[in-house]
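A closer look at the structure
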Amino acid sequence: MVTTQWRLQGSSGENIYGNTSMPESNPNGIVLIAHGFKGYKDYGMFPWLSQQFVDHGHIVHRFNFSHSGMGADGGPFERPDLFERDTWNLQIEDLSILIEKVRQPDLPIILLGHSRGGVSCLLTAGRGAVQVDGVISLSAPATCNPMTSEIQQELLSKGWIESPSLRTNQMLRIGRSFLQEQLDDPENHDLLKLVSTITTRVLVIHGEADLTVSVDSAAAIAEAGQNAILVRVPEGDHVYNTPNPFPVNGKPSEQLLTMWTAIQSWLV
C-alpha cells in the first residue's frame, strides 16, 4: 500500500490533514474515512481498514477534520481552540470540500464514518449538497444532539463545557456554537429525517456490546433509511474490539473481521 500525506484548506480556511492510499491496479472506487469525536485519521482500526479497501481496489483518503484540533499525526490536540469551535456544519463543509477535490470520472465515492464521523457522513448525504454513491455508518448515534437539557443550559450560559481526552490527558472544551447552530437550524440537524431522504445505499454497522452508543441508534438509522441495511456485530464494542494503536498488519479481532466482511459483501 503506497500512502502519501497531504494538507488541504477546509472550513473557515483551517487545514485538513490527510493520507491517501492507492491500490496497485486501476482503482474501482474512492473511500473517504471520517473519524469520530476526539478521534483522528490514524486511530485504531482506520489504517487496517484502509489496507482492506486498497486490497479491494479502492483509493482511500483518511483525514483529520479541520476543527478536530489534531495536526498531521496522532499526538496530542495541537489546537484545542479549533476543537472548541467545531460544529456539524463545519464538518459537513470539510466533507463537501474533500468530495469535490477527490472526485474522479466514473469512480463511485463512498463515505465511511465512525461514531460522530458517521453522523457527519449521513448529514452530508442527507442534505444533498454533494453527491455520493454510498454511506457506511459505524457505531453512530441517531441524533446530532446527545446532551441532556441540564448540560445544554450550562453550555449556553457559560459558553463552553469541559470534555476530557483520556488518550492525551488534555481537558478540552465544547463551545456554544456546537449547540447554537442546531437550535438556530433544527431542520438541517434532524438526523433521522435527513437519513430518510438519502436515496443512495447506506450500510449501518454497530456492535451489540457498544457501551458508548447503544445499538438501538443503528436500528433507528437503518429504519429511517430508504436503502439502508443494518448489520449487528455480536460482542462488538464501540471500536470493534480494536486497540489503539493497531498496526496495519495486526491480527484483527473477530468483531473487526465481521464488520469488514459485511462491508466487503455490501461493496459487491
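Relevant structure appears above.
To keep things clear, this report deals only with the structure shown in the data block. As the structure is a prediction and not an experimental result, all values here were calculated from the model. Every chain is numbered on its own, with residues counted from 1 as its sequence reads. Two thresholds apply to this predicted model, a pLDDT of at least 70 for residue-level local features and 80 or more for giving and counting side-chain atom pairs, whereas whole-chain, interface and lining totals are computed over all residues. The side-chain numbers reported here are obtained from all heavy atoms of the structure, hydrogens and water having been left aside.

**Some words on the overall build of the protein chain**
To keep it simple, the criterion reads: Numbering of helices and strands runs from the N terminus, with a helix taken as a DSSP run of H or I at least four residues long and a strand as a DSSP run of E at least two residues long. Values of the radius of gyration come from C-alpha atoms, whereas the globule rule sets the reference at 2.2 Å times the count of residues to the power 0.38. Each residue gets one of three labels from its accessible area relative to the maximum for its type: buried under 20%, exposed over 50%, partly exposed in between, using a 1.4 Å probe on protein chains only. To be clear on the numbers: accessible area is Shrake-Rupley with a 1.4 Å probe, and residue cover counts the displayed protein chains and nothing else.
On a plain count of helices and strands, the protein chain comes out with nine helices and 10 strands. Here the C-alpha radius of gyration of the protein chain, 17 Å, is about what a compact globule of 268 residues would show, namely 18 Å. When each of the 268 residues of the protein chain is scored for burial, the buried share is 55%. On the protein chain, roughly 11700 Å² of surface is accessible, and the fraction owed to carbon and sulfur atoms is 49%.

**Observations regarding the environment of Pro245**
Tracing the backbone through its elements, the reader meets Pro245 in the loop between β10 (228-233) and α9 (254-267). Looking at Pro245, the relative accessible area reads 68%, which means it is exposed. Along the backbone, Pro245 and Met70 are 175 residues apart, and their C-alpha atoms lie at a distance of 16 Å.

**Looking at helix α6 (residues 176-184)**
For clarity, the cut-off: When we speak of the arc, we mean the arc of directions from the helix axis to the C-beta atoms. Two residues form a contact once any of their heavy atoms are found within 4.5 Å.
Phe178, Leu179, Glu181 and Gln182 are the residues of α6 that are buried. Mapping the buried residues of α6 onto a view down its axis gives an arc of 160°, with all of them on the same face. Lining the buried residues of α6 we find α3 (88-102), α4 (116-127), α5 (149-158) and β8 (170-175).

**Remarks on the pattern of salt bridges**
Our working definition: What counts as a salt bridge is simple: a side-chain nitrogen of Lys or Arg found within 4 Å of a carboxyl oxygen of Asp or Glu.
Applying the stated criterion across every chain yields a total of nine salt bridges. Between Arg79 and Glu14 there is a salt bridge, and its shortest N-O distance comes to 3.9 Å. One end of the pair, Arg79, is in the loop between β4 (58-64) and α2 (80-85); the other, Glu14, is in the loop between β1 (2-9) and β2 (15-22), and 65 residues separate them in sequence. The class of Arg79 is partly exposed, set by a relative accessible area of 34%. For Arg116, the salt bridge goes to Asp86, with nearest N and O atoms at 3.8 Å. Here Arg116 is found in helix α4, whereas its partner Asp86 is found in the loop between α2 and α3, with 30 residues between them in sequence. For the pair formed by Arg116 and Asp86, the shared burial category is buried.

**What to know about the nonpolar core**
Rules: Put simply, buried Ala, Val, Leu, Ile, Met, Phe, Trp, Tyr and Cys residues joined by side-chain atoms within 4.5 Å make one nonpolar core.
Of all hydrophobic cores here, the largest spans 48 residues; its most connected members are Leu32, Phe63, Leu122 and Leu123. With six residues, α3 is the largest single contributor of residues to this core. Those residues in contact with Leu122 that lie beyond four places of it in its chain are Val135, Ser137, Leu191, Val195, Ile198, Val202 and Ile221. Phe46, Leu49, Phe246 and Ala262 belong to the second-largest nonpolar core, a separate cluster that totals 26 residues.

**Side note on the packing of aromatic side chains**
Given two aromatic rings, their pairing is described by the distance between the two centres and the angle made by the two planes. The test is simple: For Phe, Tyr and Trp, where Trp contributes only its six-membered ring, two rings pair if their centres lie within 6.5 Å, and the inter-plane angle classes them as stacked under 30 degrees, edge-to-face over 60, or tilted in between.
Scanning all chains against the criterion turns up six aromatic pairs. With a centroid separation of 5.0 Å and an interplanar angle of 80°, the aromatic rings of Phe63 and Phe65 are classed as edge-to-face. We note that Phe63, like Phe65, is buried. Ring centres of Phe77 and Phe83 lie 5.7 Å apart, and the angle between their planes is 75°; this geometry places the pair in the edge-to-face category. The pair Phe77 / Phe83 is uniform in exposure class, with both members buried.

**Observations regarding the pairing of β1**
The test is simple: Any two strands are treated as partners once DSSP identifies two or more bridges connecting them.
Sheet analysis places β1 next to β2, joined by eight bridges and oriented antiparallel. In the strand pairing of β2, Arg7 is matched with Tyr17. Connecting β1 to the antiparallel partner β2 that follows it, the hairpin turn spans five residues, and Ser12 within it adopts a positive phi of roughly 60°.

**Side note on the packing of α3 against α4**
Describing two packed helices takes the angle between their axes plus the distance from one axis to the other. The line we're drawing: What counts as an axis is a line fitted to C-alpha atoms, over the stretch in contact for a helix, and the angles between N-to-C directions run from 0 to 180 degrees. Each angle gets one of four labels, with under 35 degrees taken as roughly parallel, over 145 as roughly antiparallel, 65 to 115 as roughly perpendicular, and the rest as oblique. Two helices crossing with the near one rotated counterclockwise from the far one by less than a right angle form a left-handed crossing, whereas a clockwise rotation gives a right-handed crossing. Under the scheme applied, nonpolar residues are Ala, Val, Leu, Ile, Met, Phe, Trp, Tyr, Cys and Pro; charged residues are Asp, Glu, Lys and Arg; polar residues are all the others, including Gly.
Remark: α3 packs on α4, axes separated minimally by 9 Å, with the N-to-C direction vectors making an angle of 70°. By the angle class used here, α3 and α4 are roughly perpendicular. Classified by chirality, the crossing of α4 by α3 is right-handed. Residues Trp88, Asn89, Gln91, Ile92, Leu95, Ser96 and Ile99 of α3 touch α4, and the partners they reach there are Arg116, Val119, Ser120, Cys121, Leu123, Thr124 and Arg127. Its residues placed into classes, the contact of α3 with α4 shows seven nonpolar, five polar and two charged.

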